[in-house]
Amino acid sequence: MTASALPERLLLALRHACLGYGAEMVLDDVHLDVDAGEFVGLAGPNGSGKTTLLRSMLGLLPLQGGSVERHLPRARLGYVPQHASLDAYFPLNVWEVAAMGAYGRLRPWRLFPPSERQRVDRALVRVGLVHLRRAVFFHLSGGQRQRALIARALSADPALLLLDEPFAGVDRDAREDIARQLEGINRRSRLAIVICSHDGDLLARFCDRVIRVSDGHVHGGIRESV
Amino acid sequence: MAQAFAEILDPSFLLFPAVLGSIVLGLVCPVVGGFLVLRRSVLLGLTLPQFAAAGAAFALFAHEVGLVPHPGHTSGDAHQIERTLAYGGSLLFTFAGMTLLALTDRGGGGRSETRLAVAYALAGSLMILFVAVHPFGDAAILGLVKGEAVVLSWREFAALSTVYAAVTACLVVFRRELLMASFDRDLTFLLKGGTFTWDLLFHLLAGVTIALGVMMAGPLLTFGLLVLPPIAARPLVSRMAPYFIVSSLAGAGIGLTGFAVAYRFDVPLGPAILTLGCALVLAAHALAGVLSHK
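In this text the structure is predicted, and so the values were computed from the model without any measurement.

Calculation rules
Residues numbered from 1 in each chain as written. Chains lettered and ligands numbered in written order. Predicted model: local features only at pLDDT ≥ 70, side-chain atom pairs only at ≥ 80, totals over all residues. Heavy atoms only, no water. Helix = DSSP H or I, 4+ residues; strand = E, 2+ residues; numbered from the N terminus. Rg over C-alpha atoms; globule rule 2.2 N^0.38 Å. Buried < 20%, exposed > 50% of the residue type's maximum accessible area, 1.4 Å probe, protein only. Contact = heavy atoms within 4.5 Å. Areas by Shrake-Rupley, 256 points an atom, 1.4 Å probe, with all protein chains shown as cover. Buried area = accessible area lost by both parts, 1.4 Å probe. Salt bridge = Lys/Arg side-chain N within 4 Å of Asp/Glu carboxyl O. Polar contact = N/O pair within 3.5 Å; in protein donor to acceptor, adjacent residues only side chain to side chain. Pairing = 2+ DSSP bridges. Axes fitted to C-alpha atoms, helices over the stretch in contact; angles between N-to-C directions. Phe/Tyr/Trp six-rings, centres within 6.5 Å; stacked < 30°, edge-to-face > 60°. Lys NZ or Arg CZ within 6 Å of the ring centre and 35° of its normal. Left-handed = near helix turned anticlockwise from the far one by under 90°. Nonpolar A, V, L, I, M, F, W, Y, C, P; charged D, E, K, R; others polar. 1 Å grid on protein atoms, 1.4 Å probe; cavity = no way out; pocket = protein on both sides within 12 Å on 5 of 7 lines; lining within 4 Å. Points joined across faces, edges and corners; volume = space filled by probe spheres on them. Core = buried A, V, L, I, M, F, W, Y, C linked by side-chain atoms within 4.5 Å. pLDDT = per-residue confidence, 0-100.

Asker: Whenever I open this one, the overall build of chain A confuses me. Can you help?
Answerer: A count of helices and strands for chain A gives six helices and nine strands. By the compact-globule yardstick of 17 Å for 226 residues, chain A fits well, its C-alpha radius of gyration being 17 Å. Seen through its C-alpha atoms, chain A measures out along the principal axes to roughly 45 × 35 × 35 Å. Relative to its full complement of 226 residues, chain A shows a buried share of 58%. If you take every contact in chain A between residues at least 6 apart in sequence, the share linking residues at least 24 apart comes to 72%. Working note: accessible area of chain A is about 9,400 Å², and carbon and sulfur atoms make up 50% of it.

Encoded structure:
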């Protein structure tokens, strides 16, 4: 099933959510909706809790209170981490990194089927990296690595794509390129995207809706019409 | 040296099973160790062999003081029983060490390297203590520590090959899951529901590999074969499959060449193989440096 085949509906919702690590509360009483086909920005200064919010939405971080509703299987959450969080000692080329997105659909003993290879190739085409498929992942620039990780997330055939600071360590031109590519993916396939960044101006230019995260709270997490 | 190679590769050579054992050990240990190196768990590869050696020493001690019965009637039987007990002790202590490390990890028992350092000191001390109280244990354990694989029989070689073939098959079948769990734990959570299963599988495979490796070649040589070939291979490759293939071939290469050197110059096998392994690491990094400048 592709993202475009999804009905217009609520994909993910947080209600009265309290988020944090152990005894440390980072965000309190969070209300947030993400609908199918939306392009949502999470803006806020460094350390405001954007990554905490994103990880809680993914289920990587348990809630300390409140609830999260996910109206899609976990495997259809596409996650793009910060490229600096990955260990550069792994000998991986771009195609191998992008192919990891398809691992969830493959049984352990199966070879990589041609249909999945094509899906990975298509994901690399969508992010404009197919010509670098054999390049060493950790030899790429920050922007190219980020695009390879977006291709990895797309290989998982997600219904909702969540990106953690995709502009970190990326020059200004590359930021614009990444934002434009994400906008194109969102418009063409109606894939819902949530992107967090401290660059609120950039998010405002490309996103349908920008949610502000600051002072331990989330502002504008639910559409006004809702 | 060519003469030494010809002699040790002759099937009629007295130590031929040990030669083959060194090659098998060199082929398989680097594949397991390749994951240890990538996961930045090299110290685990140092500590677990020490636990395995302590287990072997404990088994010999327990046999000697009568904690386990002496059913053997001939000296051959007694030797076989001692070897079997030592294998059991090695496996038992390896998994006990892994369990201890896992439990202290869950309990927040400090940083990973400090826990491993304490565990290494404990295992090393236990091994020496068991040998010290065992009246005839010195010779057997000294051979183990030096990495003298020369006592390997055909039967033991068959057992080693069978178990290592199974370990390799598991690593090949679950290569994607093990890679993903090592590289990106968040992605593994999303696509496979978590990393527990894959971490457990990897540690089981590593435990079996290390326990048997230590019984055949001692803790130092097992550690060296686990980590030196992957460290040598890493700067020369840029993809996962070549990384494991080059590591494995390098391990087999230094296993065989080390045996030939030890035979030719009448030096201990373990240090001969490890010295070659270290030379290989230096050569590989020098070669990678030269290639990157071109």
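There's more to say after this.
Asker: Would you explain the interface of chain B and chain A in this entry?
Answerer: Many structure descriptions define interface size as the accessible area lost when the parts assemble. Across the boundary between the two partners, chain B contributes 27 residues, which contact 33 residues of chain A. Approximately 2,900 Å² of surface area, both sides summed, lies buried where chain B meets chain A, with 64% of it carried by carbon and sulfur atoms. The largest contributions to the chain B side of the interface with chain A come from Arg176, Phe183 and Leu190 of chain B, which together make up 29% of the buried area. At the junction of chain B with chain A, the criterion picks out four salt bridges. With a shortest N-O distance of 2.7 Å, Arg40 of chain B and Asp87 of chain A are connected by a salt bridge. At the boundary of chain B and chain A, one finds eleven residue pairs in polar contact (both at pLDDT 80 or more). The set of elements that each furnish at least two residues to the side of chain B that touches chain A consists of α2 (16–38), α8 (175–183), α9 (185–192) and α11 (240–265) of chain B.

Asker: It is not clear to me how the sheet that holds strand β3 (residues 39–43) of chain A should be interpreted in this structure. Could you clarify?
Answerer: All names here are of chain A. Pairing is mixed in the open sheet, where six strands are placed in the order β5-β6-β7-β3-β8-β9. The open sheet terminates on both sides in strands that have one partner only, identified here as β5 (77–80) and β9 (217–219). For this sheet, the mean angle separating the axes of adjacent strands, direction not counted, is 20°. The pairing of strand β6 (residues 160–164) with strand β7 (residues 192–197) spans five bridges and is parallel. Bridge pairing links Leu162 to Val194 in β7. Sitting on the sheet, helix α1 (residues 50–58) is in contact with β3, β5, β6, β7, β8 (209–214) and β9, with an inclination near 150° to β6.

Asker: Even after reading the chapter, I still don't get the packing of aromatic side chains, so can you show me in this structure?
Answerer: Two descriptors summarise a pair of aromatic rings, namely the distance from one centre to the other and the angle between the planes of the rings. In the structure shown here, the tally under the stated rule is 16 aromatic pairs over all chains. Relative to Phe157 of chain B, the ring of Trp154 of chain B lies with its centre 6.0 Å away and its plane at 80°, an arrangement referred to as edge-to-face. Here Trp154 of chain B pairs with Phe157 of chain B, and both are found in helix α7 (residues 154–173), just three residues apart, close to one helical turn. Taken together, the ring pairs in this structure connect Phe90, Phe137 and Phe138 of chain A together with Phe183 of chain B into an aromatic cluster. Across the ring face of Tyr89 of chain A, the terminal group of Arg234 of chain B is positioned such that the distance to the ring centre comes to 5.4 Å. We note Arg264 of chain B situated over the ring of Phe265 of chain B; from NZ or CZ to the ring centre the distance is 4.9 Å.

Asker: Sorry if this is basic, but what is going on with the packing of α2 of chain B against α11 of chain B here?
Answerer: Geometrically, a packed helix pair is captured by the angle between its two axes and the distance between the axes. Residue and element names in this part refer to chain B. Taken N-terminus to C-terminus, the directions of α2 and α11 make an angle of 145°; their axes are 7 Å apart at the nearest point. Here the hand of the crossing between α2 and α11 comes out right-handed. Together, Ala18, Val19, Ser22, Ile23, Gly26, Leu27, Pro30, Val31, Gly34, Phe35, Val37 and Leu38 of α2 and Met240, Tyr243, Phe244, Ser247, Ser248, Gly251, Ala252, Gly255, Leu256 and Phe259 of α11 make up the contact between the two elements. For the contact of α2 with α11, the residue count by class is 15 nonpolar, seven polar and no charged.

Asker: Would you explain the layout of surface pockets in this entry?
Answerer: To locate leftover empty space, one rolls a probe as large as a water molecule over the atoms. Within this model, the second largest pocket holds a volume of roughly 760 Å³. Along the walls of the second largest pocket sit 24 residues, with Glu96 of chain A together with Arg175, Arg239, Met240 and Ala241 of chain B positioned nearest its centre. The element contributing the most residues to the lining of the second largest pocket is α11 of chain B, with four residues. Looking at the lining of the second largest pocket residue by residue, the classes come out as 14 nonpolar, two polar and eight charged.

Asker: When you look at the nonpolar core in this model, what are you seeing that I'm missing?
Answerer: A general feature of soluble globular proteins is that nonpolar side chains tend to end up buried together. Leu161 and Leu182 of chain A are the most contacted members of the largest nonpolar core, which has 131 residues in total. No other element matches helix α10 (residues 196–233) of chain B, which puts 19 residues into this core. Among residues more than four places away in sequence, those in contact with Leu161 of chain A are Gly78, Val80, Ala153, Leu154, Leu182, Leu191, Ala192, Ile193 and Val194 of chain A. In terms of nonpolar packing, the next biggest core, distinct from the first, is built from 31 residues, Val34, Tyr79, Ala192 and Val218 of chain A among them.

Asker: Even after reading the chapter, I still don't get the confidence of the model for chain A, so can you show me in this structure?
Answerer: For any part of a model where pLDDT is low, the fine detail of the predicted coordinates should not be relied upon. For chain A, the average pLDDT comes to 89, and 95% of its residues sit at 70 or higher. A low-confidence stretch, residues 1–7 of chain A stays under pLDDT 50, and its non-local contacts, those more than four residues away or across chains, total 15 contacts.

Asker: Which parts of the structure should I look at to understand the sheet that holds strand β4 (residues 65–70) of chain A?
Answerer: Backbone hydrogen bonds hold the strands of a sheet together, and the pairing may be parallel or antiparallel. All names here are of chain A. The antiparallel open sheet is built from three strands, whose spatial order is β2-β1-β4. Two strands close off the open sheet at either side, each with one partner strand: β2 (24–35) and β4. Neighbour-to-neighbour, the strand axes of this sheet turn through a mean angle of 15°, independent of strand direction. Bridge count between strand β1 (residues 10–21) and β2: eight bridges; the pairing is antiparallel. Opposite Leu10, over in β2, you have Asp35 as the bridge partner. Contacts between α1 and the sheet are confined to β1, β2 and β4, with β1 contributing the most and set at about 125° to the helix.

Asker: Please explain unusual backbone geometry as it appears in this structure.
Answerer: One can expect most non-glycine residues to show negative phi and most peptide bonds to be in trans. You will see that His16 of chain A, though not glycine, has its phi angle at about 50°, which is positive. A relative accessible area of 49% places His16 of chain A in the partly exposed class. In this structure, Asp266 of chain B takes a positive phi of about 55° despite not being glycine. Within the element layout of this structure, Asp266 of chain B appears in the loop between α11 and α12 (269–293). With relative accessibility at 72%, the residue Asp266 of chain B sits in the exposed group.

Asker: What should I look at first to understand the environment of Gly258 of chain B in this one?
Answerer: Residue and element names in this part refer to chain B. Tracing the backbone shows Gly258 in helix α11. When the C-alpha atoms of Gly258 and Val208 are compared, they prove to be 24 Å apart, with 50 residues separating the residues in sequence. The residues touching Gly258, leaving out its near neighbours within four places in the chain, are Leu269, Ala272, Ile273 and Leu276.

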